[in-house]
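Structural overview
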Amino acid sequence: MKLVFALQARGISKSFFGYPALSNVDLDIRRGEVHGLVGENGAGKSTLMKILAGVYAKDSGFVRLNGEEVDFSHPVQAYKAGISTVFQEFNLIAERTVAENIFLGREPRVHGFVSRREMTRRTEALFDTLGVDSINPAVRVRQLSVAQQQIVEIAKALSYEPRIISMDEPTSALADHEVELLYGIISRLTARGVSILYVSHRMREIFDLCDRITVLKDGQLVATHDAAELTEQELVRLMVGRSLSALFPPVAPGTTVGEVALELEHAGNGLVDDVSLVLRRGEIVGMAGLQGSGRTEVLEGISGAAPFTRGFLRLNGERALIRRPKQAIRKGIAHITEDRKATGLTLNQSVMDNALAVIRSTQPSKAGKARHRANQLFLELELAARGPDQEIKFLSGGNQQKVVLAKWLLAEPRIILLDEPTRGIDVGARHALYSVIRSLAAAGHAILMVSSELPEVIGMADRILVMKDGRLAAELPLGSSEEAILQAASGVSASEVAA
Amino acid sequence: MRASTALGSAPRIFSSTTTIVYLVFFVVLLLSTVIAASAGRSFFTQGNISVLLTSTTVLGFVSIGQTLVILVGSLDLSVPFLVSIASVLSAGVMAGQSANMASGIATALITTTLIGLVNGLLVGFVKINGFIATLSVGLIVSGYLFSNYRGSTGKAAPALASLGEASIGFVPVMTIIMFLCLVATVALLAKTRVGLHIYAVGGDPAVARMSGIHNAVPIIVTHSLSGLFAGIAGLVIVARLGVGSPGVGEQGGYDLLSIAAVVLGGAVLAGGRGSLWGSLGGILIFATLDSVMGIMQLNPYLKDVVRGLIIIMAVAVYARSSIPRTTFRFPVASEGRRASVSTARGEL
Amino acid sequence: MTTSISRYNTAPLPMRVRVLRSFATPGGAIYLLLAALLIALILYNPGLAAPDQLMRFIGRTAPVAIVAAGQYFVIVSGELDLSMAAVIAAQVVLAGNLIGQNAARILPVVLLMIGLGAAVGLVNGVITTLLKVPSFIATLGTSLAISGLTFYATGGAPSGNPVNSFRAIGRDGFENVPILGFLPYSVVVLMALVVLAAWLMRKPFGRTLIAAGDNPVATSLSGASVWWLRTRAFILSSLASTVAAVLLVGYAGVSPVVGDGYDFAAITAVVLGGVALSGGRGWLMSAVAAAFALEVLFSLLSFVGVASTWRPAVQGAIILVALGAPLIRWRRRAFSASPGIPVASPAPSPGEEVSA
């Protein structure tokens, strides 16, 4: 009997450090179908994919591949069993050739020696299967374009003769004509009976490619539908549609939107271009956009971490030149970065040392007095820590973020740039942080908040800027819907959705 | 938008680092000839070429091993002490008897290879930083050397000594052996799985692991080979000097010189990129400089000053000009990597 | 990942608690080790129990302790200084030859030495931070150049004999001091420098320096200039070598090899003192205590009959054990405790530092 399903997953659950990322998710993939996997950031798509790929071990549930139960503890096991994955992260060695990358770890040998000829021949055969002839197997991956590297990844996935290939946002860095090429490759693969698990944010692609679509939300399965049964609007509604509840505190009393604190005019550098925006005192401006759309880079441009090279920046109406973080800090700009552990904290130092980092670097003479003020701030922020000497790595994410906030507030900034302020922070602690952000606005700070979580942007921001491909794509007013933001960010025009 | 910047491939000129190394070598050679000529001396005398090739040989052996170790992303600072211990052990066992030549060579090479293996285990399994692990092992070896030997010791077997003096044309036999070892190692890197994995582990350990490679294996292999080649370098010294000496490796400064030659040859210290041919070019550059300093009868101590300055300048130039090692396929890949470590949700 | 649920308590922990807790860390345990070694040494050589003998002993170890303190600044900032031996030798030769038998020259020459020391540190720092040459290559390179010059100047043999009043700094002391009996000048110099260094480490400079060693990106985003912090650490390190050189002239004489082994002794002390080689962790006082512990250990070993030539081997073994043992334990714990850790989690590359 021929099985209909290439893969059946049942009751998959996974949590990280007690925080559930997936709970009880089912997934069926038919032979030769393109199966879309969609959901917001944090919905659990990548976690599910990585479990299928053997990168993470699942906590519970089972996976059947062609009717046989499988359990992977290493990515190579998944490859060998017939699930290949094209990860979103770079998974090739830049200094090695295309052929070497594809056959890394299982290079073909003749008489005990690696046969480059055989490797090249097989690589060319793989490219033939994909209908690609523009890539020389002997060239280094570093010299390939982004799209070509993507094809090499797919060829590598295909070289394991998989039954299923999962692809995580495969088009996020491709130009339109390159996406067409990918479409062609996918249809060739499915014609050979290979199933594709396709993760994407882009509605157009999902509907162009997928036969069926599974929607995840908050780590749970929402539904699996035939693509033909759904419209884009219905799909977006399935993905979002969550009550904002009481998570977001109301605007703090006494908050008034005042004069312009910061103004960007056609600002740009190698990463973003033509960004013009205005921040006013007392205002929280949200910034949304897909991963890689340039949100973080706008903040880094303002704060001098990756300075702008074009356009103007005005502070309180006066032109300012910011080349280094120190200059930005002295001009009253605070930049709370996205990745606390990598760029926000010195993990081996104490709570107090972290809190005083900015003041020690920029106004060392005030560092002594700042200690007292830091303690006050910690009490105001209701920091849960043993005391100033505790090493910060032992604090929870929410408390670490409070220390980061305190570090910047000690420098008395007027403009606060927040990048994913609640990432990795549990719900209870989030609410506290939102209240803090509200009260900062009430105190007259101008706040620019980048977030991947649309409810957060909608719930907190007075205005929402949407980035796409390194440029500002839209400015949406208070009360905009998640649908509107997603459409602006992913490039589906409003008229298309309305139609 | 950012995708398009990443689309542009690296400028052609950088893709053949080795060519640049040899261009630099020829420029240095040309300048040396001019300098020698301006002082009324000739650079290209048979004697001088022989001296140049001889000084290439010892550093050459050490640098073959050092190249391997650097390619895998580690370092070997124990080489000077391995050179020394090979010299005293082989000269001691041979004691001037040709009959003992084989056992002398075997004793020396087995010892240095085993010490290299220990280096490899410390780096690959215990995961101590390669620099500090090999430095510590080197210190232990040096403690043994200076506790058991005072000044020169033993005597080379006559057969070994005559091999050290033998040459075909003006090319010393030892140089030819070094060249053959280099070719064999080139083949190892290009034609065996472990060779390809050396590059892979040095280039990106996480990707190598994802592809099912046991990263410790290439690390251990390269460190063991580095021990072996340092041992051979010690034998070459014994062949030339006729005796072993506990301080001969340190005096040669082979740790710094070999690292410098490898870096000068276009390898990246972080691993994954470089070639033995490049390293050979780096060695030739150093040998030429040494040789011209010899012709100009520069004080040997001042030679060290020049060497030190050249090493710093060379590494500084390479550190500046080398293109970013990792190209990110996705604009967010770098963020994603970092985030995936820090985000409790494990979701990008 | 322990989540603290306790309320924030603004008062620092009481000193008593902090001291007790610190003994459980490598940086605190070194004091216990030092005490044990000292007791053992005194058992072997009861004469050392006399205060003046002990002071003389401390005086002899002062150069190593000072060099260790200097190396501490560099290591804690995430770099390494391998030029200390060369700087010591160069300064000793400089003092020997320039001062000669003219006591009036002591002050100007010492000032010159300090200026030169600072200049070497500046060069090391700039090469490392601005030219982006890895610090071990940069400092080995300057070390090669400096020792080349030193040997060139001396012809490789001991030369120059400075006036006795200069040598007295290293070998004499205050006589008839109450309780101690004899207080070597070198101990006074050491104490003064340690107090100065400890004060620096509590200042914004020191705290930011550690932060830069811990996470240079975060520190730079907080407004610090990491390159200048690290360069100052190199300057302090070369100045420490200079002071050690002044003391060494006293009892070791003037020779271009007088500094040999001092950089490795300093690194061993810093590692033994529980300071992370990758930077960002560890206490200055522990590094200094570890330098003493090392010296005590070597005295003990020489009593037991181990030749001083084994010294580098002992240091190498100490470094390997101090770095390797915690790594092995750490890894076992990580794998068993959290099965959720991804199999393919980016592991440290072979060349990467794993802070113990």
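Worth saying up front: this structure is predicted, and the values here are computed from it rather than measured.

Looking only at helices and strands, chain B has 17 helices and two strands in total. Put simply, chain B has 348 residues, and 58% of those count as buried. Within chain B, contacts between residues at least 6 apart in sequence are counted, and of these 79% link residues at least 24 apart.

Next up on the list: the overall build of chain C. Counting its secondary structure elements, chain C contains 14 helices and two strands. By the compact-globule yardstick of 21 Å for 356 residues, chain C fits well, its C-alpha radius of gyration being 21 Å. Here the C-alpha coordinates of chain C stretch approximately 70 × 50 × 40 Å along the principal axes. Within the span of chain C, comprising 356 residues, buried residues form 53% of the whole.

Take the interface of chain B and chain C next. Each partner contributes residues to the interface: chain B has 51 residues there, and chain C has 45 residues. Of all elements in the fold, only helix 6 (101-124), helix 7 (130-148), helix 11 (205-210), helix 14 (254-264), helix 16 (300-321) and helix 17 (333-342) of chain B reach the threshold of two or more residues within the side of chain B that touches chain C. Partitioning the side of chain B that touches chain C into residue classes produces 32 nonpolar, 13 polar and six charged.

A few words on the nonpolar core. Counting residues in each nonpolar core, the largest one holds 369 residues, and the members touching the most others are A:Ile447, A:Ile485, C:Ala68, C:Ala69, C:Ile88, C:Ala269 and C:Ala287. When residues of this core are assigned to domains, at least three map to each of domain 1 (5-239) and domain 2 (260-498) of chain A. The residues contacting A:Ile447, other than those within four sequence positions of it, are A:Glu283, A:Ile284, A:Val285, A:Ile416, A:Leu418, A:Ile437, A:Leu440 and A:Ala441.

Residue and element names in this part refer to chain A. The strand order across the open sheet formed by four strands is 2-1-4-5, and the pairing between neighbours is antiparallel. If you trace the sheet from one side to the other, it starts and ends with strand 2 (19-30) and strand 5 (68-70), each paired once. Adjacent strand axes in the sheet meet at a mean angle of 25° when their direction is disregarded. Bridge count for strand 4 (residues 60-65) against strand 5 is three bridges, and the pairing is antiparallel. Opposite Leu-65, over in strand 5, you have Glu-68 as the bridge partner.

All names here are of chain A. Looking at helix 8 (residues 232-239), one finds that the buried residues are Leu-235, Val-236 and Met-239. The buried residues of helix 8 occupy one face: seen down the axis, they fall within an arc of 100°. Buried residues in helix 8 make contact with strand 3 (34-38), helix 7 (203-209), strand 11 (212-217) and helix 18 (482-490).

All names here are of chain A. Spatially, six strands are ordered 6-9-10-3-11-12 in an open sheet, and the strand pairing comes out mixed. At either end of the open sheet lies a strand with only one pairing partner, and these are strand 6 (83-86) and strand 12 (220-226). Neighbour-to-neighbour, the strand axes of the sheet open up by a mean angle of 20°, direction not taken into account. Note: strand 11 against strand 12, six bridges, orientation antiparallel. Note on strand 12: the bridge partner recorded for Arg-212 is Asp-226. Here helix 6 (residues 176-191) sits on the sheet and contacts strand 3, strand 9 (164-168) and strand 10 (195-199); the angle it forms with strand 10, its principal contact strand, is near 145°. Against the sheet, helix 8 makes contact with strand 3, strand 11 and strand 12, and its axis sits at roughly 30° relative to strand 11, the strand it touches most.

Our focus in this paragraph is unusual backbone geometry. Residue and element names in this part refer to chain A. Phi is positive for Glu-169, close to 45°, though the residue is something other than glycine. As for its placement among the helices and strands, Glu-169 is situated in the loop between strand 9 and helix 6. The phi angle at Glu-420 is positive, at roughly 45°, despite the residue not being glycine. Here Glu-420 is to be found in the loop between strand 19 (415-419) and helix 16 (427-442). By C-beta crowding, Glu-420 is classed as buried, having 24 other C-beta atoms within 10 Å.

Packed helix pairs are characterised by how far apart their axes lie and by the angle those axes make with each other. Residue and element names in this part refer to chain C. Two numbers describe how helix 3 (residues 51-76) lies on helix 8 (residues 185-202): the axes approach to 8 Å, and their chain directions differ by 35°. For the pair helix 3 and helix 8, the sense of crossing is left-handed. Side by side, helix 3 and helix 8 meet where Met-55, Ile-58, Gly-59, Ala-62, Ala-65, Ile-66 and Ala-69 of the first sit next to Ser-186, Val-187, Val-189, Leu-190, Leu-193, Val-194 and Ala-197 of the second.

All names here are of chain B. Taken over all residues, the pLDDT of chain B has a mean of 85, while the share at 70 or more is 87%. Looking across chain B, the model is least confident in helix 17, with a mean pLDDT of 29, and most confident in helix 6, with 97. Low confidence marks residues 1-15, where pLDDT is under 50. Its contacts with residues over four positions away, or in another chain, come to 24 contacts. Of the regions scoring below 50 in pLDDT, residues 323-348 engages in 74 contacts with residues more than four places distant in sequence or in other chains.

Before going further, it helps to examine helix 15 (residues 397-409) of chain A. One turn of an α-helix holds 3.6 residues; hence residues three or four places apart share an orientation. Relative to the 18 Å expected for 13 residues at 1.5 Å per residue, helix 15 of chain A spans 18 Å between its end C-alpha atoms, a close match to the ideal helical length. Burial analysis of helix 15 of chain A places 13 of its 13 residues in the buried class, which makes it a mostly covered element.

Rules used in this analysis
Residues numbered from 1 in each chain as written. Chains lettered and ligands numbered in written order. Predicted model: local features only at pLDDT ≥ 70, side-chain atom pairs only at ≥ 80, totals over all residues. Helix = DSSP H or I, 4+ residues; strand = E, 2+ residues; numbered from the N terminus. Buried ≥ 20, exposed ≤ 12 C-beta atoms within 10 Å, placed from the backbone. Contact = placed C-beta atoms within 7 Å. Rg over C-alpha atoms; globule rule 2.2 N^0.38 Å. Nonpolar A, V, L, I, M, F, W, Y, C, P; charged D, E, K, R; others polar. Core = buried A, V, L, I, M, F, W, Y, C linked by C-beta atoms within 7 Å. Domains from an automatic or database assignment. Pairing = 2+ DSSP bridges. Axes fitted to C-alpha atoms, helices over the stretch in contact; angles between N-to-C directions. Arc of directions from axis to C-beta. Left-handed = near helix turned anticlockwise from the far one by under 90°. pLDDT = per-residue confidence, 0-100. Expected span 1.5 Å × (residues − 1).

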